[in-house]
Amino acid sequence: MMGGRLWKIGDRIFDLSRQGLIMGILNVTPDSFSDGGRFFTVKKAVEHGLRMAAEGAQIIDVGGESTRPGAESVVVEEELSRVIPVIEELHARSDTTISIDTSKAQVARAAIQAGASIVNDVTGGRGDDKMMPLVAENKSAFIVMHMQGTPQTMQLQPRYDDVVSEVADFFRQQYARAIECGIDPMAIAFDPGIGFGKTLEHNLELLAQLDRLRVHDRPLVVGISRKSFLVKVTGSSEISDRLAPAVALNSLSRARGADVFRVHEVKENVNALRITEAVLQKTK
């Protein structure tokens, strides 16, 4: 189905050829675009993280800085105060893999010490020169995401000559940088950054041509959950109407080669992914 694609996360190796991974989104922020403030206390955040793990999420992605369009950056001290207590308690209470969603090496270091084993960097290693050496030093897994611009500017007027080629080129460049810094090739994954400096057409092009984004047979992470482009096609303005298109598109993306799915609604996506994989197994 997917060959023998492996992803090394800490001392664990996941075979993504038969089963994709669900990454549950845990925003510990007051201003995320879809659930800002709901899990802003440590208690609520941990409860939600444990709930997602119980529903089948293999990874909990903890973030303390909103990256919605127009979001302002958060100082290191504030980001640390939001995420570290949550990661510490999740790590103590569950063996689910924890990811830290940050572009700051100082936050990533503290998160790794607290129990995180994946660094999910929306800048793909460009935001902080210390990030890749830190990941290499700690033997962490690393998700390289593509973003044109910054959260403050990314959706103003995103432009590409060929969005698929340009994102793939970025992956190749950052892969080479990561290897030079000493990151284990098996620990690297790539995320095309749906909605991060892309128009509706850019998003659709990337999802339609996932095979062209594959670099050195590394895993592809897709994050489309609750993104606004989902309802630009259907014409709805309700957040609740984004769930069904997202689940459908995640299943389609699995069939097209995606390996890891960053989602808000875990249970629905786990169920859809498993039935999709059951069918794909019969197509060999």
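Per chain, residue numbering runs from 1 following the sequence as it is written. For a predicted model such as this one, the threshold for reporting local features is a pLDDT of at least 70, and the threshold for listing and counting side-chain atom pairs is 80 or more; totals across whole chains, interfaces and linings nevertheless cover every residue. Calculation of side-chain values draws on the structure's entire complement of heavy atoms; hydrogens and water are dropped beforehand.

A.B. asks: What is the right way to read the sheet that holds strand 8 (residues 188-191) from this model?
C.D. replies: Each strand in a sheet pairs with its neighbour through backbone hydrogen bonds, running either in the same direction (parallel) or in the opposite one (antiparallel). Read from one edge of the open sheet, 8 strands run 8-7-6-5-4-3-10-9, paired in parallel fashion. The sheet terminates laterally at strand 8 and strand 9 (221-222), the two strands that pair on one side only. In what follows, residue pairs with any heavy atoms lying within 4.5 Å of each other are defined as contacts. Helix axes are fitted only over the stretch in contact, all axes being lines through C-alpha atoms; the angle between N-to-C directions runs from 0 to 180 degrees. Only DSSP runs of H or I covering at least 4 residues are called helices, and only runs of E covering at least 2 are called strands; the numbering of each starts at the N terminus. Its contacts with the sheet put helix 1 (residues 42-54) on strand 3 (21-27) and strand 4 (59-63), and the angle it makes with strand 3 is roughly 165°. For two strands to count as paired, DSSP must find a minimum of two bridges between them.

A.B. asks: Would you take a moment to explain the packing of helix 5 (residues 163-180) against helix 6 (residues 200-208) for this structure?
C.D. replies: If you want to describe how two helices pack, look at the angle between their axes and the distance between the axes. Remark: helix 5 packs on helix 6, axes separated minimally by 9 Å, with the N-to-C direction vectors making an angle of 65°. One element, helix 5, and the other, helix 6, form an angle in the roughly perpendicular class. The two elements helix 5 and helix 6 cross, and the hand of that crossing is right-handed. Contact residues: Val163, Val164 and Val167 in helix 5; His202, Glu205 and Leu206 in helix 6. All residues other than Ala, Val, Leu, Ile, Met, Phe, Trp, Tyr, Cys, Pro, Asp, Glu, Lys and Arg, Gly among them, are scored as polar; the first ten of these are nonpolar and the last four charged. Here the contact of helix 5 with helix 6 is built from residues that sort into 4 nonpolar, 1 polar and 1 charged. Here roughly perpendicular refers to angles of 65 to 115 degrees, roughly parallel to angles under 35, roughly antiparallel to angles over 145, and oblique to all remaining angles. The crossing is said to be left-handed when, going from far helix to near helix, the turn is anticlockwise and less than a right angle, and right-handed when the turn is clockwise.

A.B. asks: I tried to follow helix 4 (residues 131-138) on my own but got confused; where do I start?
C.D. replies: An α-helical turn contains 3.6 residues, so a residue and the one three or four places further along point in the same direction. Only protein chains enter the accessibility calculation, which uses a 1.4 Å probe; a residue is then buried when its area is under 20% of its type maximum, exposed when over 50%, and partly exposed in between. Regarding helix 4, the residues found buried are Met131, Met132, Leu134, Val135 and Ala136. Elements that come into contact with the buried residues of helix 4 comprise helix 3 (105-114), strand 6 (118-121), strand 7 (141-145) and helix 5. Looking one or two residues past helix 4, Lys139 carries a phi angle of roughly 55°, positive in sign.

A.B. asks: What's the story with unusual backbone geometry in this structure? I'm lost.
C.D. replies: Leaving glycine aside, a negative phi is the common case for residues, and trans is the common case for peptide bonds. Backbone geometry places Lys139, a non-glycine residue, at a positive phi of 55°. Note on placement: Lys139 falls in the loop between helix 4 and strand 7. According to the relative accessible area criterion, Lys139 is exposed, its value standing at 66%. One non-glycine residue, His216, lies in the positive phi region at around 50°. With relative accessibility at 54%, the residue His216 sits in the exposed group.

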